[in-house]
Structures are given as structure tokens and as C-alpha cells.
Amino acid sequence: QVSFLIPECGMLPEVLKSTIADIGEYYLVRSLSVHELVAHDFIDAFVKKGSCYALTYNTKIDQDNTAALLPNGKLILSVDKDTYEELGLQGRPSQYSGKKVMRYIITIDLTDSGFHPDSKKHNRVLWALKEKKPLEFDFLLAWDNTGAEGSILMSYFSKNQIQALKPKITFSTLRDLQCPVLQSNELQGKPEESCSAEELFEWLGAVLNQVSLDNKSSSFLSTYCCPQPNTVVEKAFLCTITGFIIPETIIQLLEQLCCYFGEPKLAYWLTLTVHGFADSPVSWRESEHGFHKGGENLYNFVIFRNLDYWLQMAVGTNDDCPP
């Protein structure tokens, strides 16, 4: 999920509107066997000719077998102990297994020079995933290749049940919103002058979740209020995009948000928040991701009018610290 918030924004610029409108499609493939992702036809057509992303759909990282294909060509399998032993592929114990190892991580580099069609390595992996222990999942898929149509994925998987999906986009205008006062060069904030990055992060969580900032004694849900010092903005624009959104799209959106300050604007700063999938086997790069209580993994940009920025990253308990 990607969200951006622009305080003091009456109308969204056309360039930003068109970027959101052209956010692109992703695909849901039903009952796709994992061995099809290690087939050389697939590797040559998609992995080696762009950035290909895949993630198992509706699987629980702490209960089920899961898989993810990263844009660097690495296929990550997070499997239970029985599946690992049946596959017979080399892997490592999950770092979140505890004393008794019940989960293993297998990494297969599809771009490895030794992973060619006639190699023992490829034949061993293909046999394990196709004959020894077939694994089948519903997958979310996306592919980025300049000049190529994503619909090529549709035709490649035409024998499977595949459908193109559009990210869900919601717009809302927040009126009379209390916003913290920020100074780009003051991460820790200054008493009576500006709020800290931590206070901003907490406030933003409340705004994105539509929590009231009134601190009313009659509220049973929240007594949270906007940190001091703050200011009331007449209008703030909030956009949330939900779906299988690839980094290339987020970079494009971030660039357009930076261009927002190209002309004189009332807004002094804006934010871009990106939440990862709670049940993805990886979070940052190839770092293993666990669920624990919430499976959190997110980052947030605070971009200022002078194009200084803050980058905030957050993960749950079962996760490596971001790089």
C-alpha cells in the first residue's frame, strides 16, 4: 500500500494525476506451479529482460509454504520442515525458528551462469519442484521492462487462470487538519519551535488510519492529539493506492511528488508512505521477514519544500533492521 499526504493542497497537479492514472496493472495467476518459474522459457522471456516480481497470494508466512521472485532473479522459498526434507534442496534454517527448527529458507538464483538448461543444478531443482515435491500457489505477478507490454505475461500464462488487476485508488480531502510544525534540519525537534521525526511518524499513523486528533474525554477509541507545536491547515490531500505495486512505480511517484514543489506552493512538506506485504518471505532486499504479531515493514519519506527529506523505516520484531 502506498499513501501520500499533501497539506495545504487545494487541487492535485495534472502531472501527478496522470501518474496515478497510469499506475499500471498487475496479474493474479491461479494454481501456478513453482517449477514454471524456474523454466528457462520463463527466465529468458521475463527474468533476463526486465524486472520480474512474484509473490504467493493468500499465504501466511508463519503457517504456510510461501515463495517470492525478486527483481534480481532470485527465487526465495520459505517452507516448513516436512516440505524442506521432501524437496531435498539446499537451504538454511529460518532465523525465527527458535531452538527447534520448523522452517527453512531456500534461495535459487535463476540468473546464475551455472543454472543453464543442461546443467545438473537446473535439472536437480526442476526435478525437485516438478516431480519430488510439486508446489502450487496462487501468485501475484508484475513485470517492468521499458517498451514491453505487461500483457505479454497474460499470453505466456494463457493456459493458467490469469487475470489483470488494477490497484485500488482512493482520494480524500481532509479539512481543518491539525499538522505538526516541522523543520527539515531538526530531526529531534525543538521545544515550542518544531516537532520531532518520531512525533511526525506517530501523527501520520493516526491520520492514515483516520483516528480522531481531538483528544476528547468521551472517546473510547483514542485520546491521541496532534503534537505541539502544530498548525491547522484548511485542506490536506490524501491518496492511497493498494495493490501489488513495484518499486519502479513508487520511484516515478516520488519523482512527481518532488516536482510538486517546482512552482510556489503553500505546502511546506509532504509525505509518501509505503507498506510492504505482511506475509512476504523477504522485506528489505533479501532479508528474511517474519510475522510475529503484525508482519510490519514500511518506510516513509517526508519531503520538504527545499527538497531536503527524512527517510523513516519500520519493521516488526521478526525482521532484520533495514539497510
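Everything that follows concerns the structure shown earlier in this document.
Residues numbered from 1 in each chain as written. Predicted model: local features only at pLDDT ≥ 70, side-chain atom pairs only at ≥ 80, totals over all residues. Heavy atoms only, no water.

(A) Main features of the overall build of the protein. When its secondary structure is counted, the protein shows 7 helices and 14 strands. For the protein, the spread of C-alpha atoms along the three principal axes comes to 65 × 50 × 35 Å. Among the 323 residues that make up the protein, the fraction classed as buried is 46%. For the protein, the share of sequence-separated contacts (at least 6 apart) that also reach a separation of at least 24 residues comes to 70%. With an accessible surface of roughly 16800 Å², the protein has 49% of that area assigned to carbon and sulfur atoms. In the protein, the 28 positive side-chain charges and the 40 negative ones have mean positions that sit 5 Å from each other. (Helix = DSSP H or I, 4+ residues; strand = E, 2+ residues; numbered from the N terminus. Buried < 20%, exposed > 50% of the residue type's maximum accessible area, 1.4 Å probe, protein only. Contact = heavy atoms within 4.5 Å. Areas by Shrake-Rupley, 256 points an atom, 1.4 Å probe, with all protein chains shown as cover. Lys, Arg positive; Asp, Glu negative; His and termini not counted. Charge placed at Lys NZ, Arg CZ, Asp CG, Glu CD.)

(B) Fine view of the sheet that holds strand S3 (residues 51-56). The strand order across the open sheet formed by 8 strands is S6-S7-S5-S4-S3-S8-S2-S9, and the pairing between neighbours is antiparallel. This sheet does not close on itself; its edge strands, each paired only once, are strand S6 (92-93) and strand S9 (161-165). Helix H2 (residues 40-47) rests against S3, strand S4 (66-69) and strand S8 (136-144) of the sheet, and its axis sits at about 125° to S3. (Pairing = 2+ DSSP bridges. Axes fitted to C-alpha atoms, helices over the stretch in contact; angles between N-to-C directions.)

(C) Layout of the packing of aromatic side chains. By the definition in use, this model includes 19 aromatic pairs. Centroid distance Phe171 to Phe237: 5.7 Å. Interplanar angle 40°. Geometry classified as tilted. With Phe171 in strand S10 (residues 168-180) and Phe237 in strand S11 (residues 230-242), this residue pair connects regions lying 66 residues apart in the sequence. For Phe237, a relative accessible area of 11% gives the class buried. Cluster of aromatic residues (ring-pair linked, three or more members): Phe42, Phe46, Trp143, Tyr156 and Phe157. The aromatic ring of Tyr156 is capped on one face by Lys159, whose charged end is 5.9 Å from the ring centroid. (Phe/Tyr/Trp six-rings, centres within 6.5 Å; stacked < 30°, edge-to-face > 60°. Lys NZ or Arg CZ within 6 Å of the ring centre and 35° of its normal.)

(D) A look at the pairing of S11. Looking at chain direction, strand S1 (residues 2-7) and S11 are connected through 6 bridges and run antiparallel. Opposite Leu5, over in S11, you have Leu238 as the bridge partner. Note that S10 and S11 share 12 bridges and pair antiparallel. For Arg175, the partnering residue across the bridge sits in S11 and is Lys235.

(E) Spatial organisation of the state of the cysteines. Within this structure, the stated rule accounts for 0 disulfides. Cysteine Cys225 is unpaired, with the sulfur of Cys226 as its nearest cysteine sulfur at 7.7 Å. Using a relative accessible area of 36% as the deciding quantity, one classes Cys225 as partly exposed. Not engaged in a disulfide, the cysteine Cys226 finds its nearest cysteine sulfur in Cys195; these two sulfurs lie 6.3 Å apart. (Disulfide = S-S within 2.5 Å.)

(F) View of the pattern of salt bridges. Tallying each qualifying case throughout the model produces 9 salt bridges. Salt-bridge contacts for Asp44 lead to Lys48; the nearest nitrogen and oxygen are separated by 3.7 Å. On the accessibility criterion, Asp44 (36% relative accessible area) is partly exposed. We note a salt bridge from Glu286 to Lys74, for which the minimum N-O separation is 3.3 Å. (Salt bridge = Lys/Arg side-chain N within 4 Å of Asp/Glu carboxyl O.)

(G) Seen up close, the sheet that holds S10. Sheet architecture is open: 6 strands sit in the order S10-S11-S1-S12-S13-S14, paired in antiparallel fashion. Every interior strand has two partners, whereas the edge strands, S10 and strand S14 (309-315), have only one. The average undirected angle you get between the axes of adjacent strands in this sheet is 15°. Against the sheet, helix H1 (residues 14-21) touches S1, S10 and S11, its axis set at about 165° to S1. Here helix H7 (residues 247-259) sits on the sheet and contacts S1, S11, strand S12 (269-275) and strand S13 (297-304); the angle it forms with S12, its principal contact strand, is near 170°.

Coordinates in, geometry out; function isn't part of it.
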